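Overview (structure and organization)
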Amino acid sequence: MIKKVAFCLLIALFVACGSSKPVVRTTKEPANKPKPEVVVRTDKKPVETPTQPKIDTTPKTTTPSSQTEVLEATSKVKVTTEIVLAYIDKYKEVAQKNMRNHGVPASIALAQAILESGAGTGDLSRQANNHFGIKCHKDWNGPSVKHDDDEAQECFRKYDNVYDSYQDYANFLRGRRWYDPLFKLEQNDYKGWAKGLKKAGYATDPGYPTKLIGIIERYQLQKYDAEVLGTDYVPTTPTTPAVAEVKPEKQKPNVDQHQVVKGDTLYSISKRYNISVEELRKKNNITENAISIGQLLQIK
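Treat the numbers as computed from the prediction; the structure is a model and nothing was measured.

Per the counting criterion, the structure on display carries 12 aromatic pairs. Here Phe172 and Tyr202 contribute two aromatic rings whose centre-to-centre distance is 6.4 Å and whose plane-to-plane angle is 90 degrees, an arrangement assigned as edge-to-face. One end of the pair, Phe172, is in helix α5 (residues 162–174); the other, Tyr202, is in the loop between α6 (190–199) and α7 (208–218), and 30 residues separate them in sequence. Neither Phe172 nor Tyr202 differs from the other in exposure class; each is buried. Geometrically, the ring pair formed by Trp178 and Tyr179 is tilted, given 6.3 Å between the ring centres and 50 degrees between the ring planes. Stacked on the ring of Phe183, the Lys or Arg Arg174 has its end atom at 3.8 Å from the ring centre.

Structure follows, in structure tokens:
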């Protein structure tokens with residue numbers, strides 16, 4: 001029994017000596033501790049993305065060279081090229097419609113309207129929508145306005161709109177026999193039409209044909225005739241002035257009498273000599289407005 005106890009103590013002592021090893025303590029890093037930042041050094045410069053220049057996509061409009069023109073028919077007005085071009089663009093279709101229905105060249109209708117109405121800016125055109133300077137005449141029963149022309153306060157036709165003015169203009173030419181020779185001309189003969197209108201008495205201005213032809217050629221209005229006729233349009237070089245020139249004011253003649261010439265009226269003579277129509281009538285014992293070519297009128 002004693003031997004067994006001593007043997008067990010010996011074994012226990014041996015085990016205790018073999019297990020006495022140094023203790024190594026391990027401390028775990030916290031799970032949420034941030035990792036050290038790794039800095040990578042480089043000598044290369046950062047690559048810059050090139051910026052594309054901004055492109056302006058706004059449409060650019062080109063303004064045609066502006067020129068002031070003087071148009072003189074029922075009134076004297078100054079207009080710019082832009083105003084005339086805008087007028088043509090607005091009324092070219094109604095002029096072409098009249099050409100198809102009534103045979104009046106679109107170029108002639110547009111040129112007359114531009115001249116007579118000052119491209120829509122004249123007093124008569126603004127007050128009465130009258131773009132062709134058509135007076136009342138005996139067959140007119142519609143509305144009217146008073147306007148100074150060859151004589152003071154003459155009667156002119158008034159329309160509800162400009163398109164009615166174009167329609168009445170075509171009817172006016174078609175309904176008077178003295179304009180019949182015009183409709184025997186070729187519809188693309190704008191020069192013949194311009195001269196024929198003056199010959200038939202549409203206007204008293206001796207330069208009327210020249211003014212119409214000038215407007216047509218400058219703005220190439222004959223191309224609208226070609227569109228209606230279905231023919232090739234050939235641009236022409238303007239050969240005549242496009243608009244009326246500004247004439248110098250006439251000096252008062254140093255005479256006592258005036259001999260009546262074609263186109264004279266008591267009103268135009270009174271303006272020329274700076275006297276009233278009433279005074280002119282009294283000096284010459286005239287009771288009406290009628291005067292005759294070659295007649296001598298006392299001025300002083």
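So, on to the state of the cysteines. Enumeration according to the criterion identifies one disulfide in this entry. Between the sulfur atoms of Cys136 and its disulfide partner Cys155 the distance amounts to 1.9 Å. Disulfide Cys136-Cys155: the torsion about the S-S bond is -65 degrees, which places it as left-handed. Taken together, the positions of Cys136 in the loop between α4 (123–128) and β3 (144–147) and Cys155 in strand β4 (residues 154–157) put the pair 19 residues apart, joining distant regions of the chain.

As a further point, take the confidence of the model for the chain. On average, the chain scores 77 in pLDDT, and the residues at 70 or more come to 68%. The low-confidence segment residues 38–64, where pLDDT is below 50, has two contacts with residues more than four positions distant or belonging to other chains. With pLDDT under 50 throughout, residues 241–254 is counted as low confidence; its partners more than four residues away or in other chains account for 19 contacts.

Before going further, it helps to spend a moment on the nonpolar core. One finds Tyr166, Tyr169, Leu173, Tyr202 and Leu221 to be the most contacted residues of the largest nonpolar core, which totals 45 residues. The set of elements that each furnish at least two residues to this core consists of β2 (76–80), α2 (81–102), α3 (106–117), α5, α6 and α7. If sequence neighbours within four positions are ignored, Leu221 has contacts with Ile88, Ser107, Leu110, Ala111, Ile114, Ile215 and Ile216. If you look at the next biggest cluster of nonpolar residues, it comprises nine residues, including Ile269, Ile275, Leu297 and Ile299.

This part covers unusual backbone geometry. Across residues other than glycine, the phi torsion is negative in most instances, and most of the peptide bonds are trans. Positive phi is not limited to glycine here, since His137 has a value of about 60 degrees. Structurally, His137 is set in the loop between α4 and β3. Since its relative accessible area comes to 45%, His137 is described here as partly exposed. One non-glycine residue with positive phi stands out, namely Asn285, at about 55 degrees. As for its position among the elements, Asn285 is in the loop between α10 (277–284) and β6 (296–298). With relative accessibility at 70%, the residue Asn285 sits in the exposed group.

Further remarks concern the side chain of Asp264. The residue Asp264 is located in the loop between β5 (257–259) and α9 (266–273) in this model. Despite its burial, Asp264 remains without a salt bridge, the nearest opposite charge being carried by Arg272 at 5.6 Å. Among the polar contacts listed, one links the side chain of Asp264 to the side chain of His258, at a separation of 2.8 Å. Setting aside anything within four residues of it in sequence, one finds Asp264 in contact with His258, Gln259, Ile269 and Ile291.

Let us look at the environment of Leu124. Counting through the fold element by element, Leu124 comes out in helix α4. Sequence separation of Leu124 and Val145 is 21 residues, and the distance between their C-alpha atoms is 8.3 Å.

Another aspect to go through is α7. Across the 11 residues of α7, nine count as buried, placing the element largely inside the fold. Just beyond α7, the residue with positive phi is Gln220, at close to 50 degrees.

With that settled, the discussion passes to the pattern of salt bridges. Across all of its chains, the model carries nine salt bridges by this definition. With its nearest N and O atoms 2.8 Å apart, the salt bridge here joins Asp139 to Arg176. Residue Asp139 is found in the loop between α4 and β3, and its partner Arg176 is found in the loop between α5 and α6; the two are separated by 37 residues along the sequence. On the basis of relative accessibility, which here comes to 12%, the residue Arg176 falls in the buried class. Between Lys211 and Asp205 there is a salt bridge, with the nearest N and O atoms lying 2.3 Å from each other. One continuous salt-bridge network, built from bridges that share partners, spans Asp139, Arg157, Asp168 and Arg176.

On to the packing of α3 against α7. For any two helices packed against each other, the geometry is given by the interaxial angle and the distance between the axes. For the pair α3 and α7, interaxial distance at closest approach is 9 Å and the crossing angle is 110 degrees. Comparing the axis directions of α3 and α7 gives the class roughly perpendicular. Judged by the sense of rotation from one axis to the other, the crossing of α3 with α7 is right-handed. Residues Ser107, Ile108, Ala111, Gln112, Ile114, Leu115 and Glu116 of α3 form the contact with α7, whose own contacting residues are Tyr208, Lys211, Leu212, Ile215 and Ile216. Class assignment for the residues of the contact of α3 with α7 results in eight nonpolar, two polar and two charged.

Conventions and cut-offs
Residues numbered from 1 in each chain as written. Predicted model: local features only at pLDDT ≥ 70, side-chain atom pairs only at ≥ 80, totals over all residues. Heavy atoms only, no water. Phe/Tyr/Trp six-rings, centres within 6.5 Å; stacked < 30°, edge-to-face > 60°. Helix = DSSP H or I, 4+ residues; strand = E, 2+ residues; numbered from the N terminus. Buried < 20%, exposed > 50% of the residue type's maximum accessible area, 1.4 Å probe, protein only. Lys NZ or Arg CZ within 6 Å of the ring centre and 35° of its normal. Disulfide = S-S within 2.5 Å. pLDDT = per-residue confidence, 0-100. Contact = heavy atoms within 4.5 Å. Core = buried A, V, L, I, M, F, W, Y, C linked by side-chain atoms within 4.5 Å. Lys, Arg positive; Asp, Glu negative; His and termini not counted. Salt bridge = Lys/Arg side-chain N within 4 Å of Asp/Glu carboxyl O. Polar contact = N/O pair within 3.5 Å; in protein donor to acceptor, adjacent residues only side chain to side chain. Axes fitted to C-alpha atoms, helices over the stretch in contact; angles between N-to-C directions. Parallel < 35°, antiparallel > 145°, perpendicular 65-115°, else oblique. Left-handed = near helix turned anticlockwise from the far one by under 90°. Nonpolar A, V, L, I, M, F, W, Y, C, P; charged D, E, K, R; others polar.

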